[in-house]
Amino acid sequence: MENVVELKNVTKEFKGFSVNNIDLQVKQGFVTGFIGANGSGKSTTIKMIMNLLKPDAGEVKLFGLDYREHEKEIKGRIGFVYDGNVFFEGMNLKDIKRIVAPAYKNWDDTLFYRYMEQFELPLNKAMKTFSKGMQMKASLAIALSHHAELIIMDEPTAGLDPIFEESCWIFYRN
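Residues numbered from 1 in each chain as written. Predicted model: local features only at pLDDT ≥ 70, side-chain atom pairs only at ≥ 80, totals over all residues. Heavy atoms only, no water.

Chemist: Which parts of the structure should I look at to understand the side chain of asparagine 3?
Modeler: Mapped onto the elements, asparagine 3 comes out in strand 1 (residues 3–14). Since its relative accessible area comes to 16%, asparagine 3 is described here as buried. A distance of 3.0 Å separates polar atoms of two side chains, one belonging to asparagine 3 and the other to lysine 27. In this structure, asparagine 3 is in contact with Gln25, Val26, Lys27, Phe63 and Gly64, ignoring residues within four places of it in sequence. (Helix = DSSP H or I, 4+ residues; strand = E, 2+ residues; numbered from the N terminus. Buried < 20%, exposed > 50% of the residue type's maximum accessible area, 1.4 Å probe, protein only. Polar contact = N/O pair within 3.5 Å; in protein donor to acceptor, adjacent residues only side chain to side chain. Contact = heavy atoms within 4.5 Å.)

Written out as structure tokens, the structure reads:
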């Protein structure tokens, strides 16, 4: 079975903090979570997996590919949900979809609108009017609307109401 995520001896150093010699393999079809104290390097590792931070040493591959040569292809196959709102607060979901959709060759409008309805998200309200939980639902809907092969989530249930959070865990288990 193919590794969708592979880190070999990955190190990232900051002043006063580092992650050292991380080895990680995530096989296709598996759910993997990072559990650890605040400040233990979970988000730093995710940022290196997403190529938002460059490791000081080691190798990061996704789908067997290196970001240096295949960044666009890799990112087109990933759905990413960050722990906060990453969209311009003055925009609404219709406008965000119009900007984001062309970046993904497998974008599915029908699926996007199904998630908008399922998550009870308004298409025409500015993101700044959304609660933290609604922002997380919007990010999740966008991450899932292009048939991503790998979903990466940083603090995926932050701000979600308990009922929706439970339905997310049921979704992940299926």
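So, next bit.
Chemist: What's the story with the packing of aromatic side chains in this structure? I'm lost.
Modeler: Working definition: an aromatic ring pair is given by the centre-to-centre distance plus the angle between the planes. Following the criterion strictly, the structure yields five aromatic pairs and no others. Within the aromatic cluster, the residues linked to one another by ring pairs are Tyr104, Trp107, Phe112 and Tyr113. (Phe/Tyr/Trp six-rings, centres within 6.5 Å; stacked < 30°, edge-to-face > 60°.)

Chemist: I'm lost on the pattern of salt bridges in this one. Help?
Modeler: Here the idea is simple: oppositely charged side chains can pair when their charged atoms come close. Applying the stated criterion to the full structure yields eight salt bridges. When the shortest N-O distance is used, the salt bridge between aspartate 66 and arginine 68 registers 2.5 Å. When its relative accessible area of 14% is taken as the criterion, aspartate 66 is described as buried. For the salt bridge of lysine 75 with glutamate 71, the shortest nitrogen-to-oxygen distance reads 2.9 Å. Here the residue lysine 75 and the residue glutamate 71 both occupy positions in helix 2 (residues 67–76), the gap between them amounting to four residues, near one helical turn. Residues joined by salt bridges that share partners form a network here, namely Glu73, Arg77 and Glu149. (Salt bridge = Lys/Arg side-chain N within 4 Å of Asp/Glu carboxyl O.)

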